[in-house]
Amino acid sequence: MNDNKVLLEFLNMPLGSTGEIFAKFGELQGTEHRGEGKKQFLYRRGLRKDRVLLVAHADTVWDCGRQEIARENGIIRNRKGGLGADDRAGCAIVWLLRDLGHSLLIVDGEERGRQGSNWLMEANPDIRNEINNEHNFVIEFDRRNGRDYKCYNVGTLE
């Protein structure tokens, strides 16, 4: 499946629910899905020695059901308004990179106070410790506004 088809597949998943995203990633061998509602995540440990953690969040602020996706002149738009692409495009990127041997993390509730990632860190010390101790670094696929990338104030300066 080519990159555009993967992106369109993720963009066409219902925005008010993250179930289809978790089900799709759940098909991958070695995944662990914990929690429910906004306090849930899916993790797959990478097999590479030099692995990094690839992260995206499944929820979006555009809770309008299904988007009406149109591709016109090479531009993908939602005819119903906002495009839930910050989150769904991030999930599509992680999906496209799934076979590189890096660890994968999909969380829920990020648009509602980082509920999924906070719950992971507070109530799942085994995976929290693995993330913090066995990865060279973390890349989260997210964005802000139309053309900005997003940086989080986490970790240390080093």
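In what follows, the accompanying structure is described. (Residues numbered from 1 in each chain as written. Predicted model: local features only at pLDDT ≥ 70, side-chain atom pairs only at ≥ 80, totals over all residues. Heavy atoms only, no water.)

1. Observations concerning the overall build of the protein
As a reminder, the rule being used: Helix numbering and strand numbering both begin at the N terminus, where a helix is a DSSP run of H or I of at least 4 residues and a strand a DSSP run of E of at least 2. To sort residues, take the accessible area from a 1.4 Å probe on protein chains only and compare it with the maximum for the residue type: under 20% means buried, over 50% means exposed, and anything in between is partly exposed. Pairs of residues are marked as contacts when any of their non-hydrogen atoms sit within 4.5 Å. Reported accessibility uses the Shrake-Rupley method at a 1.4 Å probe radius. Residues are deemed covered only where the shown protein chains occlude them.
Looking only at helices and strands, the protein has five helices and nine strands in total. In the protein, the order of α-helices and β-strands from amino to carboxyl end is α-α-β-β-β-β-β-α-β-α-α-β-β-β. A burial count over the protein gives 41% of its 158 residues as buried. The contacts of the protein with a sequence gap of at least 6 include a subset with a gap of at least 24, amounting to 70%. A total accessible area of about 9300 Å² is found for the protein, and carbon and sulfur atoms account for 47% of it.

2. What to know about the pattern of salt bridges
Test applied: Salt bridge criterion: a side-chain nitrogen from Lys or Arg within 4 Å of a carboxyl oxygen from Asp or Glu.
Within the structure shown, the criterion is met by eight salt bridges. In this structure, the salt-bridge partner of lysine 38 is aspartate 108, at a minimum N-O distance of 3.9 Å. Residue lysine 38 is located in the loop between β1 (31–36) and β2 (39–44), and its partner aspartate 108 is located in the loop between β6 (103–107) and α4 (115–123); the two are separated by 70 residues in the primary sequence. With a shortest N-O distance of 2.9 Å, arginine 48 and aspartate 50 are connected by a salt bridge. Note on arginine 48: relative accessible area 31%, which makes it partly exposed. Several salt bridges converge on common partners, so that one network encompasses Arg45, Arg51, Glu130 and Glu134.

3. What about the nonpolar core?
Selection rule: Think of a nonpolar core as a cluster: buried Ala, Val, Leu, Ile, Met, Phe, Trp, Tyr and Cys residues, connected wherever their side-chain atoms sit within 4.5 Å.
Judged by nonpolar contacts, the single largest core of 19 residues is most densely connected at Phe10, Ile21, Phe25, Cys91, Val94 and Ile106. Those elements that provide at least two residues to this core are α1 (3–11), α2 (19–26), β3 (53–57), α3 (85–96) and β6. No other element matches the four residues that α3 contributes to this core. Aside from chain neighbours lying at most four places away, what touches cysteine 91 is Phe10, Ile21, Phe25, Ala56, His57, Ala58 and Ile106. Core analysis: the next-biggest nonpolar cluster, separate from the first, contains nine residues, Tyr43, Leu105, Val107 and Ile131 among them.

4. Quick notes on helix α5 (residues 125–133)
Operational definition: The arc under discussion is defined with respect to the helix axis, by the directions toward the C-beta atoms.
For α5, the set of buried residues is Ile127, Glu130 and Ile131. Along α5, the residues classed as buried sweep out an arc of 100° about the axis, all on the same side. Residues Asn132 and Asn133 are exposed on α5 and point more than 90 degrees away from its buried face. Those residues of α5 that are buried are in contact with β1, β2, β3, β6 and α4.

5. Some thoughts on the sheet that holds β2
For clarity, the cut-off: By this definition, two strands are paired if DSSP reports at least two bridges between them. A fitted line through C-alpha atoms serves as each axis, taken over the contacting stretch for helices, and the angle formed by two N-to-C directions is quoted from 0 to 180°.
Taking strand neighbours across the sheet as the criterion, the five strands line up as β1-β2-β6-β3-β7 in an open arrangement whose pairing is mixed. Each of the sheet's edge strands pairs with one partner strand only, and the pair in question is β1 and β7 (138–140). Averaged over all adjacent pairs, the angle separating strand axes in this sheet is 15°, with direction ignored. Where β1 meets β2, six bridges bridge the pair, whose relative direction is antiparallel. Among the inter-strand pairings, arginine 34 is bridged to a residue of β2, identified as phenylalanine 41. Along the sheet face, α2 touches β1, β2 and β6 and points at about 25° away from the line of β2. Together, β1, β2 and β6 form the strand contacts of α4, whose direction differs from that of β2 by roughly 70°.

6. Some details on the packing of aromatic side chains
The relative placement of two aromatic rings is captured by the distance of their centres and the angle of their planes. The condition is simple: Aromatic rings from Phe, Tyr and Trp, with only the six-membered ring used for Trp, were paired whenever their centres fell within 6.5 Å, and each pair was classed as stacked if the ring planes differed by under 30 degrees, edge-to-face if by over 60, and tilted otherwise.
The tally for this structure, following the rule as stated, stands at four aromatic pairs. Taking the centre distance of 6.1 Å and the plane angle of 50° together, the rings of phenylalanine 10 and phenylalanine 25 count as tilted. Highlighted residues: phenylalanine 10 in helix α1 and phenylalanine 25 in helix α2, separated in sequence by 15 residues. A single burial state applies to phenylalanine 10 and to phenylalanine 25, both of which are buried. The interplanar angle of 55° and the centroid separation of 6.5 Å between the aromatic rings of phenylalanine 10 and tryptophan 95 together place this pair among those described as tilted. Within this pair, whereas phenylalanine 10 is found in helix α1, its partner tryptophan 95 is found in helix α3, the two being separated by 85 residues in sequence. Exposure class is identical for phenylalanine 10 and tryptophan 95. Each is buried.

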